Each structure stands twice: as structure tokens, then as C-alpha cells.
Amino acid sequence: QVQLVESGGGLVQAGGSLRLSCAASETYIWPMGWYRQAPGKQRELVAAISSGGSTNYADSVKGRFTISRDNAKNTVYLQMNSLKPEDTAVYYCNQFRAGINFWGKGTLVTVSS
């Protein structure tokens, strides 16, 4: 069974930084991504990394967030800098494995103004 476990969320002031981690199996084989869902809004893609290492980001986080992968640790990271109150959301790790989306349970990020 595929399990994705996120960590690293918390409360931070605007302008601060957090690093999210996602532990999963075979992160180096399958595309991985970070999504977020704010209250009353739909889940949206924040950042993704392909098996080849190419990345893409939502326009709202470009230049502030960085997705990376440590193959030896089977872990994907999301470094979030210059955080804004509008970044407040539950952040979910995603693995797109053999045509199926797998999700973690999410980690809450709250940015205070």
C-alpha cells in the first residue's frame, strides 16, 4: 500500500519560512507534487517535480517556493520562503503512480499577518 506522510507544517509570521517534507516510497520513479487547499477553496497545485527532475510551480508561488527531492531518503521537500497570509492552507503531498493519484493526509500551514 502506498503511503505518503507529510510533516513540517505549523504557524509562522508573514515573511517567514517553512520546509515541508513528504516521505514516500519510490519518490525517484514517479512524479511528485505538493497541493494545497484553503478553507472554502478547491485544492490547487503548488509545485511538482517529474521523475527526471523538471519542476513547475503555480504562478502565485514562483520565486518563493522550491520543490526538491532526496532520492536516498525517498523524501520530497517544499521549501517555502517569504510566506504570505494567503499561503495559509492544508498542504498535501501527491504521488502520481501508474496513472493513480495517491495522497497524504496533509499538514496545516498557517501564516499570520
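Calculation criteria
Residues numbered from 1 in each chain as written. Predicted model: local features only at pLDDT ≥ 70, side-chain atom pairs only at ≥ 80, totals over all residues. Heavy atoms only, no water. Helix = DSSP H or I, 4+ residues; strand = E, 2+ residues; numbered from the N terminus. Rg over C-alpha atoms; globule rule 2.2 N^0.38 Å. Contact = heavy atoms within 4.5 Å. Areas by Shrake-Rupley, 256 points an atom, 1.4 Å probe, with all protein chains shown as cover. Lys, Arg positive; Asp, Glu negative; His and termini not counted. Charge placed at Lys NZ, Arg CZ, Asp CG, Glu CD. Pairing = 2+ DSSP bridges. Axes fitted to C-alpha atoms, helices over the stretch in contact; angles between N-to-C directions.

Undergrad: How would you explain the overall build of the protein chain if you had to name every residue and give the values?
TA: Tallying secondary structure elements over the protein chain gives 0 helices and 11 strands in all. For the protein chain, the sequential pattern of α-helices and β-strands runs β-β-β-β-β-β-β-β-β-β-β. Over its C-alpha atoms the protein chain spans a radius of gyration of 13 Å, differing by no more than 12% from the 13 Å that the globule rule assigns to 113 residues. Principal-axis analysis of the C-alpha atoms gives the protein chain an extent of 40 × 25 × 25 Å. For the protein chain, restricting intrachain contacts to residue pairs at least 6 apart in sequence, the fraction spanning at least 24 positions comes to 54%. A total of about 6000 Å² of accessible surface is found on the protein chain, and carbon and sulfur atoms cover 49% of it. Taken together, the 11 basic and 7 acidic charged side chains of the protein chain have centroids lying 1 Å from each other.

Undergrad: Hey, could you go over the environment of K41 for me, with residue numbers and the actual values?
TA: Tracing the chain through its elements places K41 in the loop between β4 (32-37) and β5 (44-49). Residues K41 and A89 lie 48 residues apart in sequence; the distance between their C-alpha atoms is 9.5 Å.

Undergrad: Could you give me a rundown of the sheet that holds strand β1 (residues 5-7), with the residues and numbers involved?
TA: Strand order in this open sheet of 4 strands is β1-β3-β8-β7, and the pairing throughout is antiparallel. Since the sheet does not close on itself, it has two edges, and those belong to β1 and β7 (65-70), each with one partner. Going across the sheet, the axis of each strand differs from the next one's by a mean of 15°, ignoring polarity. In the sheet, strand β3 (residues 18-23) pairs with strand β8 (residues 75-80) via 6 bridges, with the strands oriented antiparallel. Note on β8: the bridge partner recorded for R19 is Q79.

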